[in-house]
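Okay, here's what each chain looks like letter by letter:
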Amino acid sequence: QVQLVESGGGLVQAGGSLRLSCAASGRTFSIYTMGWFRQAPGKEREFVAGISRSGGLTDYADSVKGRFTISRDNAKNTMYLQMNSLKPEDTAVYYCAAREVYYVSTSPREYDYWGQGTQVTVSS
């Protein structure tokens, strides 16, 4: 199995940027399809972005398209989420997740491994 650790969260003003990282250890990172999810207080966990094993295929929630970019470096066992033009509604705990099935899924139930999360707070 794989262990995941997120980092890079923090407090930022609206319009600012943050870059989240997800470091993986354990099994070979490149066998996992990866995703970023977020959960705001009182809300369900929602899909943000996903990336295929090779990084060649990506998917985004409509709410972040054009602002967020997901990427991965299999040589460094790390996935990233570059977040630009942040809005207060992006405030949430952000989680990275991994699954062994090939295609990207937007459902958190279809991911097998999760990190502990990193808080992102966007002030207005």
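Counting of residues starts from 1 at the beginning of each chain's written sequence and follows it residue by residue. Per-residue local features are limited, in this predicted model, to residues with pLDDT of at least 70; the limit for side-chain atom pairs, both in listing and counting, is 80 or more; totals at the level of whole chains, interfaces and linings are taken over all residues. Based on all heavy atoms of the structure, the side-chain values leave hydrogens and waters out of the count.

**Q** Go over the overall build of the protein, please, and point to the residues and values.
**A** Across its full length, the protein holds zero helices and 11 strands. Only runs of H or I of at least four residues qualify as helices and only runs of E of at least two qualify as strands under DSSP, and these elements are numbered from the N terminus. Its helices and strands taken in sequence order, the protein reads β-β-β-β-β-β-β-β-β-β-β from the N to the C terminus. For a compact globule of 124 residues, the expected C-alpha radius of gyration is about 14 Å, and the protein comes in at 13 Å, within 12% of that figure. C-alpha atoms of the protein, sized along the principal axes, occupy 40 × 25 × 25 Å. Note on exposure labels: buried denotes an accessible area under 20% of the residue type's maximum, exposed denotes more than 50%, and partly exposed covers the range between, all computed with a 1.4 Å probe on protein chains only. Taking all 124 residues of the protein together, the buried fraction comes to 44%. Residues are treated as being in contact if the distance between any of their heavy atoms lies within 4.5 Å. Counting contacts in the protein only where the partners sit at least 6 residues apart, residues at least 24 apart contribute 58% of the total. Every accessible area reported is derived by Shrake-Rupley at a probe size of 1.4 Å, with residue values counting cover from the shown protein chains alone. Element-wise, carbon and sulfur atoms account for 46% of the exposed surface of the protein, whose accessible area totals about 6,100 Å². This count recognises Lys and Arg as positive and Asp and Glu as negative, with His and chain-terminal groups excluded. By convention, the point assigned to a charge is CZ for Arg, NZ for Lys, CD for Glu and CG for Asp. Across the protein, 13 positive and 11 negative side-chain charges occur, with their mean positions spaced 3 Å apart. As a reference, a globule follows 2.2 Å times the number of residues to the power 0.38, and the radius of gyration itself is taken over C-alpha atoms.

**Q** Residue-level account of the state of the cysteines, with values.
**A** Here, a disulfide means two cysteine sulfur atoms that sit within 2.5 Å of each other. Scanning the model with the defined rule gives one disulfide in all. Disulfide pairing is shown between C22 and C96; the S-S distance is 2.2 Å. Between C22 and C96, the S-S torsion sits near 60 degrees, and that sign places the bridge as right-handed. Pair noted here: C22 is in strand β3 (residues 18-26) and C96 is in strand β9 (residues 92-99), with a separation of 74 residues, a long-range link. Across this residue pair, the class does not change: C22 and C96 are buried.

**Q** Go over the nonpolar core with me, naming the residues and quoting the values.
**A** Each nonpolar core is a collection of buried residues, namely Ala, Val, Leu, Ile, Met, Phe, Trp, Tyr and Cys, held together in the definition by side-chain atoms within 4.5 Å. Counting 35 residues, the largest nonpolar core has L4, M34, W36, M79, L81, M83 and Y94 as its most contacted members. Contributing elements (two or more residues each) for this core: β1 (2-7), β3, β4 (33-39), β5 (46-51), β7 (68-73), β8 (78-83), β9 and β11 (118-123). With five residues, the top contributor of residues to this core is β9. What L4 contacts, discounting residues up to four positions off in sequence, is C22, A23, A24, M34, C96, A97, A98, Y113, W114, G115 and Q116.

**Q** Can you lay out the environment of T69 for me, pointing to particular residues and giving the numbers?
**A** Mapped onto the elements, T69 comes out in strand β7. For T69, a relative accessible area of 41% translates into the label partly exposed. Not counting the four nearest positions on each side in its chain, T69 is found in contact with Y60, Y80, L81 and Q82.

**Q** If you had to explain the sheet that holds β1 to someone new, which residues and values would you point to?
**A** What makes two strands pair is DSSP finding at least two bridges between them. The strand order across the open sheet formed by four strands is β1-β3-β8-β7, and the pairing between neighbours is antiparallel. Looking at the sheet topology across the chains shown, the edges are occupied by β1 and β7. Here the average twist between neighbouring strands, direction ignored, is 15 degrees. Only the stretch in contact is used when a helix axis is fitted, and all axes are lines through C-alpha atoms; the angle between N-to-C directions ranges over 0 to 180 degrees.

**Q** Let's hear about the pattern of salt bridges: which residues, and what values?
**A** Each reported salt bridge corresponds to a side-chain nitrogen of Lys or Arg within 4 Å of a carboxyl oxygen of Asp or Glu. For the coordinates displayed, the defined rule picks out six salt bridges. Two residues, R99 and E110, come together in a salt bridge whose shortest N-O distance is 3.3 Å. With R99 in strand β9 and E110 in the loop between β9 and β10 (113-114), this pair connects stretches of sequence that are 11 residues apart. If you follow the salt bridges from partner to partner, you end up with R38, E46, R67 and D90 in one network.

**Q** Which residues make up unusual backbone geometry, and what values go with them?
**A** Generally, phi is negative for residues other than glycine and the peptide bonds are trans, each holding for most cases. Of note in the backbone geometry, N77 takes a positive phi value of approximately 55 degrees without being a glycine. With respect to the secondary-structure elements, N77 resides in the loop between β7 and β8. Of note in this structure, S85 is not a glycine but carries a positive phi near 50 degrees. Using a relative accessible area of 41% as the deciding quantity, one classes S85 as partly exposed.

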